[in-house]
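# Structural characterization, general
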Amino acid sequence: MASEDPAQSPAGLHESASLSDDGEARSVADVVERLATKYPEVDRAEVERIVRTEHHEFDGKPVRDFVPVLVEKAAKKQIKAIAKA
């Protein structure tokens, strides 16, 4: 009887996704830190709201590898506009 590879089992896939979700959450938190530091004239709560809103745009999307980068790019554009106002 061959041993089952946990990475190939449904539980293993779920576990990997969960670990990936944690890494994505940390990366998105880093985005907040970078943008809040770069644009101190914009209220941190506003930065967090923008990043959170942009992050939710990717809910349900299957490919997650570049989500933090895409979130940062979209959020930065909005925050930059606020900072100039």
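Everything quoted here is computed from the prediction, not taken from an experiment.

## A few points about the overall build of the protein
Counting its regular elements, the protein contains 3 helices and 0 strands. Going residue by residue from the N terminus, the α and β elements of the protein occur as α-α-α. Here the protein, with 85 residues, has 26% of them falling under the buried criterion. Contacts in the protein between residues far apart in sequence, at least 24 positions, make up 55% of those at least 6 positions apart. Of the accessible surface of the protein, which amounts to about 6200 Å², a share of 57% is contributed by carbon and sulfur atoms.

## Some remarks on the confidence of the model for the protein
Averaged over every residue, the pLDDT of the protein is 83; the share at 70 or more is 78%. For the protein, per-element mean pLDDT is lowest for helix H1 (residues 10-38), which scores 75, and highest for helix H2 (residues 44-56), which scores 97. Low pLDDT (under 50) marks residues 1-19, which in the prediction has 6 contacts with non-local residues, meaning those over four places away or in another chain.

## So, the nonpolar core
The biggest cluster of nonpolar side chains holds 14 residues, and the ones touching the most others in it are Leu35, Tyr39, Val42, Val47, Val51, Ala75 and Ile79. Looking at this core, the elements with two or more residues in it are H1, H2 and helix H3 (67-84). Of all the elements, H1 adds the most residues to this core, at 5 residues. Beyond its immediate stretch of four places on either side in the chain, Val51 contacts Val28, Val31, Val32, Leu35, Val71 and Ala75.

## Examining a nonpolar patch on the surface
Among the surface-exposed residues, Phe66, Val69 and Leu70 lie close enough to one another that they form a single nonpolar patch of about 320 Å² accessible area. With respect to the secondary-structure elements, Val69 resides in helix H3. Classification of Val69 as exposed rests on a relative accessible area of 56%.

## Topic: the environment of Lys73
Residue position: Lys73 is located in helix H3. Residue classification places Lys73 among the exposed residues on the basis of a relative accessible area of 65%. Residues Lys73 and Val31, 42 residues apart in the sequence, show an inter-C-alpha distance of 9.5 Å.

What counts, and at which threshold
All residue numbers refer to positions counted from 1 along the written sequence of the respective chain. The model is predicted, so local features are restricted to residues of pLDDT at least 70 and side-chain atom pairs to those at 80 or more, both for listing and for counting; the totals for chains, interfaces and linings are taken over all residues. Note that the side-chain values use all heavy atoms of the structure and ignore hydrogens as well as water. Secondary structure elements follow DSSP: runs of H or I no shorter than four residues count as helices, runs of E no shorter than two count as strands, and numbering proceeds from the N terminus. Burial classification: accessible surface area is computed with a 1.4 Å probe over protein chains only, and a residue below 20% of its type maximum counts as buried, one above 50% as exposed, and the rest as partly exposed. Two residues qualify as a contact provided that any one of their heavy atoms is within 4.5 Å of a heavy atom in the partner residue. The protein chains shown are the only cover counted for residues, whose accessible areas, like all others here, come from Shrake-Rupley with a 1.4 Å probe. Scored between 0 and 100, pLDDT is the confidence that the predictor attaches to each residue. For our purposes a nonpolar core is just a set of buried Ala, Val, Leu, Ile, Met, Phe, Trp, Tyr and Cys residues, chained together by side-chain atoms within 4.5 Å. Each patch is built from residues lacking any salt bridge and having more than 30% relative accessible area; the joining distance is 9 Å for like charges and 5 Å for nonpolar side chains (Val, Leu, Ile, Met, Phe, Trp, Tyr). Here, a salt bridge means any side-chain nitrogen of Lys or Arg that lies within 4 Å of a carboxyl oxygen of Asp or Glu.

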